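Secondary and tertiary structure notes
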Amino acid sequence: MFTGIVQAAVPVVALVERPQLVTLTLELPERLCAGLSIGSSVAVNGTCLTITGFEGRLVHFDAMLETLRVTNLGRLAVGDRVNVERAARHGDEIGGHVLSGHVHALAEIIRIERPENNHEVVFRAPAALMKYLLPKGFVALNGCSLTIGRVEGDTFNVWLIPETLRMTTFGEKTPGAALNIEIERQTQVFVDTVRAAVDERLGPLVPALETLLRQQGLTLDDLAQPPAQRLQGPGA
């Protein structure tokens, strides 16, 4: 389990590529090396990886085919920096929100705005995930717990404070960059449960309901949003 509070942005110092497997080596700061052990979990760009070996501050991880397919770890090069977080322990403060480190997909940066003392990033996400991305809801991007601002079509935005830019790799990103996205689990369960209940209870009436909702500019997925989110609307 992770909290979405990135503890450091660290360099990739080595990559060993084999068929359908990549071993990456990161150099962790001394403060994150206490109690390291083989088999421990570390979130690397929000992806839960298992430590396979370490020497001093150099820590090794294996990324297998599915991880390379779903995440951006297969796109890394030596010298790139990644966000890292050690696994949370019982009693630790949950400063962000609970994360599993199981990345769902990639979200692409399509625009970055920098009004004075602000930093806004706009992302495009896969259509299948948009029903779980709600204004003022949680999302994890490259392992960083963030609050969603607006949601419009297949895009959403987040606002980054200076401390987030200092502690993470967000300040290095440019449009076109693909970031790992993990949707918030409780939101996913709520939306899927409501949708399943609607399908089960209404059965053959679902197409008629969808037509009525469409006339109002809504969908069944809108009904699955928590009431507070529906009342807030996209500009809240």
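These figures come from a predicted structure and were not determined experimentally.

Right, let's get into the sheet that holds strand 4 (residues 47-55). Taking strand neighbours around the barrel as the criterion, the 6 strands line up as 1-2-5-4-3-6 in a closed arrangement whose pairing is antiparallel. For this sheet the average axis-to-axis angle between neighbouring strands, irrespective of direction, equals 45 degrees. As defined by bridge partners, strand 4 adjoins strand 5 (residues 58-64) across 4 bridges and the pair is classed as antiparallel. Directly across from Ile51, in strand 5, lies its bridge partner Phe61.

Before going further, it helps to examine the layout of surface pockets. Vacant regions in the atomic arrangement are exposed by a probe of water-molecule size rolled over the atoms. In this structure, the second largest pocket spans a volume of roughly 300 Å³. Cys144, Ser145, Leu146, Ile161 and Thr164 are, among the 16 residues lining the second largest pocket, the residues nearest its centre. Of all elements in the fold, only strand 10 (144-152) and helix 2 (162-167) reach the threshold of two or more residues within the lining of the second largest pocket. In terms of residues, the lining of the second largest pocket owes the most to one element, strand 10, which gives 4 residues. Among the residues making up the lining of the second largest pocket, the classes are represented as 8 nonpolar, 7 polar and 1 charged.

Okay, the environment of Gln186 next. On the secondary structure map, Gln186 appears in helix 3 (residues 185-202). For the pair Gln186 and Tyr132, spaced 54 residues apart in sequence, the C-alpha to C-alpha distance is 9.6 Å.

One non-glycine residue, Gln20, adopts positive backbone phi at about 60 degrees. Along the chain, Gln20 turns up in the loop between strand 1 (8-18) and strand 2 (21-27). The phi angle at Asn45 is positive, at roughly 50 degrees, despite the residue not being glycine. In this structure, Asn45 sits in the loop between strand 3 (41-44) and strand 4.

A few words now on empty space enclosed by the protein. For the structure shown, the criterion picks out 2 cavities of 30 Å³ or more. For the largest cavity, the calculated volume is near 40 Å³. Ranked by the residues each element gives to the lining of the largest cavity, the list is headed by strand 12 (residues 178-183), at 3 residues. In terms of residue class, the lining of the largest cavity is made up of 4 nonpolar, 4 polar and 1 charged.

Summed over all chains, the structure comprises 8 salt bridges. Shared partners join several salt bridges into a network, and the residues in it are Glu120, Arg150 and Glu152.

Next up on the list: the packing of aromatic side chains. Here the structure, examined in full by the defined rule, presents 1 aromatic pair. On the basis of an interplanar angle of 15 degrees and a centroid distance of 5.4 Å, the ring pair of Phe123 and Phe156 is categorised as stacked. Placement of Phe123 in strand 8 (residues 120-124) and of Phe156 in strand 11 (residues 155-159) is noted, with a sequence separation of 33 residues between them. Using a relative accessible area of 0% as the deciding quantity, one classes Phe123 as buried.

Parameters at a glance
- Residues numbered from 1 in each chain as written.
- Predicted model: local features only at pLDDT ≥ 70, side-chain atom pairs only at ≥ 80, totals over all residues.
- Heavy atoms only, no water.
- Pairing = 2+ DSSP bridges.
- Helix = DSSP H or I, 4+ residues; strand = E, 2+ residues; numbered from the N terminus.
- Axes fitted to C-alpha atoms, helices over the stretch in contact; angles between N-to-C directions.
- 1 Å grid on protein atoms, 1.4 Å probe; cavity = no way out; pocket = protein on both sides within 12 Å on 5 of 7 lines; lining within 4 Å.
- Points joined across faces, edges and corners; volume = space filled by probe spheres on them.
- Nonpolar A, V, L, I, M, F, W, Y, C, P; charged D, E, K, R; others polar.
- Salt bridge = Lys/Arg side-chain N within 4 Å of Asp/Glu carboxyl O.
- Phe/Tyr/Trp six-rings, centres within 6.5 Å; stacked < 30°, edge-to-face > 60°.
- Buried < 20%, exposed > 50% of the residue type's maximum accessible area, 1.4 Å probe, protein only.

That's the geometry; what it means functionally is another story.
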